[in-house]
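# Structural description and commentary
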Amino acid sequence: MGELFGIDGGFIVLGCFALILVLFIFIIVLFVKLSSLRKQYTQMMNGSKAENMEQLLIDMQHGLNEQKAESQATAAKVGTIQNAMMKMKSKVAIHRYNAFNEGGSDLSFTIAILDEYQDGVILTGIHSREQMYLYAKPIQKAQSTYTLSPEEKEAINQTLKQP
């Protein structure tokens, strides 16, 4: 039959053998790629079976939901702490001065203790040779319902300059 087409029988056998060899090499390459793909699939599945894939996804979603709830709870706690810290009396300033012009030293003082809202108290101690007087005045929004002396205003201004 090969002679009908002008092709020798040896060429046909050689061609078939070459085709079989090419196909065999192609199968080996595909087998190596499939092995690599199986290895990657096993790593992705973390050693578990394909039937457990749905359960793995459900567990992952459950874990994410728990983390989200914890994150929201933590954010709420941080907000509460921040609000509490703003009400803490953390801005303190001391202004010392000589209340009387009688040659003494700066033994009189004013202490302003305020929070972030500029609320708190101001303490003033006036020292003279015979006695010492201590006054306390409430402060709201850097103001008082009582008259403030210039020294008390200075102490409040010092707290307002603090970060």
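Residues numbered from 1 in each chain as written. Predicted model: local features only at pLDDT ≥ 70, side-chain atom pairs only at ≥ 80, totals over all residues. Heavy atoms only, no water.

The next thing to look at is the overall build of the protein chain. A count of helical and extended segments in the protein chain gives three helices and four strands. Listing the helices and strands of the protein chain from first to last along the sequence gives α-α-β-β-β-β-α. Counting the 163 residues in the protein chain, one finds 15% classified as buried. Pairs at least 24 residues apart make up 39% of the contacts formed inside the protein chain by residues separated by at least 6 positions. Within the structure as shown, the protein chain displays about 13100 Å² of accessible surface, and the carbon and sulfur contribution to it stands at 63%. (Helix = DSSP H or I, 4+ residues; strand = E, 2+ residues; numbered from the N terminus. Buried < 20%, exposed > 50% of the residue type's maximum accessible area, 1.4 Å probe, protein only. Contact = heavy atoms within 4.5 Å. Areas by Shrake-Rupley, 256 points an atom, 1.4 Å probe, with all protein chains shown as cover.)

Right, let's get into the pairing of strand β4 (residues 132–139). In this sheet, β4 lies alongside strand β3 (residues 120–127) in antiparallel orientation, the contact comprising eight bridges. Of the residues in β4, the one forming a bridge with G120 is I139. (Pairing = 2+ DSSP bridges.)

Under the counting rule described, the total for this entry stands at one aromatic pair. Taken together, a centroid distance of 6.5 Å and an interplanar angle of 25° make the contact between Y133 and Y135 stacked. Exposure remark for Y135: the relative accessible area of 40% places this residue in the partly exposed category. (Phe/Tyr/Trp six-rings, centres within 6.5 Å; stacked < 30°, edge-to-face > 60°.)

Turning our attention to unusual backbone geometry. In this model, Q118 sits at a positive phi of 65°, which is unusual for a non-glycine residue. Along the chain, Q118 turns up in the loop between β2 (108–114) and β3. Residue classification places Q118 among the partly exposed positions, given a relative accessible area of 30%. If you check the backbone angles, A142 has positive phi at about 65° while not being a glycine. In this fold, A142 is placed in the loop between β4 and α3 (150–160).

Moving on to the sheet that holds β4. Here we have four strands laid out as an open sheet, ordered β1-β2-β3-β4, and antiparallel in their pairing. Each edge of the open sheet carries a strand with a single partner, namely β1 (91–97) and β4. Each adjacent strand pair in this sheet contributes to an overall mean axis angle of 10°, direction not counted. Bridging between β2 and β3 involves six bridges; their strand directions are antiparallel. Bridge pairing in β3 places F109 opposite G125. Contacts from α3 reach β1, β2, β3 and β4, with the element oriented near 145° to β1. (Axes fitted to C-alpha atoms, helices over the stretch in contact; angles between N-to-C directions.)

Attention shifts here to the nonpolar core. A112, L114, I122, I139, A142, L148, A155 and I156 form the largest nonpolar core, which has eight residues in total. If you list the elements that add at least two residues to this core, you get β2 and α3. Those residues in contact with I122, other than ones at most four positions away along the chain, are T110, I111, A112, Y135, A136, K137, I139, L148, E152, A155 and I156. (Core = buried A, V, L, I, M, F, W, Y, C linked by side-chain atoms within 4.5 Å.)

Okay, the environment of T147 next. Mapped onto the fold, T147 is located in the loop between β4 and α3. For T147, a relative accessible area of 70% translates into the label exposed. Considered as a pair, T147 and K137 are 10 residues apart in the sequence and their alpha carbons are 9.1 Å apart. Apart from residues no more than four positions distant in its own chain, T147 is found in contact with K137 and E152.

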